[in-house]
Amino acid sequence: MQSNHLVLTTLFRSLSYSLGLPLDTFANLHRFDVPSGCHARLIQVHPYLNPLQQTLGEHTDFGSLSILFNRLGGLQVQLPDSHDWVHVRPAAGTAIVNLGDAMVKFSAGILRSNLHRVVSPPGEQAGLMRHSLVYFCRPEHEAILKRVEGGLIDAEGEDDGEEGVSSREWLERRHLARKIGVGAVGFQRPGDLAKGKGTEGSRIAWVAKTA
Amino acid sequence: MANPTGDSLIDTSHNVGSRIPPFPDDIRTAPLLTISLAKLLASNKEEHGRLFAASRSLGFFYLDMRECAEGKTLLSRADSIFSLMNEFFKLPMEEKRRYDLSKKRSYFGYKGKGKEVMDDQGNVDHNEMYNVCQPSVEKLSLILIWSLTRSTGRYPKMTYWPSRILYRRPSLLCLTVPSSSHTCRAITLSLQRSLGHSVIL
């Protein structure tokens, strides 16, 4: 199996296990050889003079899992309780992984897709060219983004009857809302970014109970 | 594993003279849990629980890949892609624009700066990107290699035999370039590291 696919399958199986679902539940929505929006992205950001400059505005990720390899800082997450923005320190030997909107939809909101953004790297790192490698895992194009059945998800109250859109439709809406020059589905004036809203704000984060 | 273009993703904290300034110690950082890929692969129940907790609370976590062969392989290949990426983005703009597929309304290929908005006020981004559809890390290396060697005007002849044809032998990639050069040698070494295959020049 290709190395990144192994990582994804392992994470999906673990989350399926924890949710009391058949182990292949999530993996079967992300089959490697079925068309999807999965892709790798190489990013280069030139250094900014303004240390407070944002290079990527706040958003939740469109798909299921994102695997980020980076060396410099700059990634920030918004803490769910205080809404403070804090840096994520890169750590050698690790990837930074986050969940996306699809996992919120599949799990009826049990799993979280958190707001994050990118700013200039802190301290002396701010003057460097910043490179990142991200692998975005998205569900198969025709997978419907709604709660799966079984396990802990069935305990999350009754299905609200949301029909759910396909992964393809979800990606197109969210992606195009940021694009310039694609007409009414894209960004034409301030306020238009709401057309690309994800699952942010849909659920208050779960906090582990301490002993 | 050392990387000629900068610090490695693999822990090289013992290396002297890193070229990347350290991340400051005096700023507030997010309390991400570190999840062990090796423990998940071993079906460690406690690790399943920790991943679940991270996925419910913040939705972000570190995935530590140093303690298993599969994870080390991915780290090593990501390191090689960083080298290749560095070279790709140095290409002249006219070369990078060959891979700009936006006029074909494709999500993939090269995107220059200022093509997307960053916030609701309409401020545009300052990022260059290269999106590659549904690749494995292994295929991504090949795609970058092709882009770079094409830019040198030296089209390599590439012949690839997957292991299923070679019957239990490792996959073999033959890369023939018209003449040897520093760029081609660097690219070839990166390819060899990233794919873990034998490369015959």
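For the structure, check the block above.
Right, let's walk through the structure included here. (Residues numbered from 1 in each chain as written. Chains lettered and ligands numbered in written order. Predicted model: local features only at pLDDT ≥ 70, side-chain atom pairs only at ≥ 80, totals over all residues. Heavy atoms only, no water.)

A few points about the overall build of chain B
- Tallying secondary structure elements over chain B gives seven helices and seven strands in all.
- Counted from the first residue to the last, chain B has its helices and strands arranged as β-α-α-β-α-α-β-β-α-β-α-β-α-β.
- Evaluated residue by residue, chain B yields a buried proportion of 48% over its 201 residues.
- Long-range contacts, defined as pairs at least 24 residues apart, comprise 48% of the intrachain contacts of chain B with a sequence gap of at least 6.
- Just so you have it, chain B exposes about 10400 Å², and 52% of that area is on carbon and sulfur atoms. (Helix = DSSP H or I, 4+ residues; strand = E, 2+ residues; numbered from the N terminus. Buried < 20%, exposed > 50% of the residue type's maximum accessible area, 1.4 Å probe, protein only. Contact = heavy atoms within 4.5 Å. Areas by Shrake-Rupley, 256 points an atom, 1.4 Å probe, with all protein chains shown as cover.)

Quick word on helix α3 (residues 69–89) of chain B
- With 21 residues, α3 of chain B should cover 30 Å at 1.5 Å per step; its first-to-last C-alpha distance of 30 Å lies within 8% of that length.
- Burial runs high along α3 of chain B: 16 of the 21 residues are buried. (Expected span 1.5 Å × (residues − 1).)

Thoughts on the sheet that holds strand β1 (residues 39–45) of chain A
- Read across the sheet, eight strands follow the order β1(B)-β2(B)-β6(A)-β3(A)-β8(A)-β1(A)-β4(B)-β3(B) without closing on themselves; strand pairing throughout is mixed. Single-partner strands in this sheet number two, and they are β1 (33–36) and β3 (109–111) of chain B. Averaged over all pairs of adjacent strands, the angle between their axes in this sheet comes to 25°, without regard to strand direction.
- Sheet topology places β1 of chain B next to strand β2 (residues 60–64) of chain B; four bridges connect them, and they run parallel. Across the sheet, residue T34 of chain B finds its bridge partner in β2 of chain B, namely Y62 of chain B.
- With respect to the sheet, helix α2 (residues 45–57) of chain B is in contact with β6 (94–99) of chain A together with β1 and β2 of chain B, its orientation differing from that of β1 of chain B by roughly 140°.
- In the packing of α3 of chain B onto the sheet, contacts are made with β1, β3 (65–70), β6 and β8 (130–137) of chain A together with β3 and β4 (127–133) of chain B, and the angle to β8 of chain A comes to roughly 125°. (Pairing = 2+ DSSP bridges. Axes fitted to C-alpha atoms, helices over the stretch in contact; angles between N-to-C directions.)

Quick notes on the interface of chain A and chain B
- Across the contact, 86 residues belong to chain A and 80 residues belong to chain B.
- Interface area for chain A against chain B, summed over the two sides, is near 7500 Å², with a carbon-plus-sulfur share of 64%.
- Viewed at the interface, chain B and chain A are joined by three salt bridges.
- Between D25 of chain B and R89 of chain A there is a salt bridge, with the nearest N and O atoms lying 3.4 Å from each other.
- Linking chain A with chain B are 20 residue pairs in polar contact (both at pLDDT 80 or more).
- Contributing elements (two or more residues each) for the side of chain A that touches chain B: α1 (3–18), β1, β2 (54–59), β3, β4 (75–78), β5 (85–87), β6 and β8 of chain A.
- A per-element tally of the side of chain A that touches chain B places α1 of chain A first, with ten residues. (Buried area = accessible area lost by both parts, 1.4 Å probe. Salt bridge = Lys/Arg side-chain N within 4 Å of Asp/Glu carboxyl O. Polar contact = N/O pair within 3.5 Å; in protein donor to acceptor, adjacent residues only side chain to side chain.)

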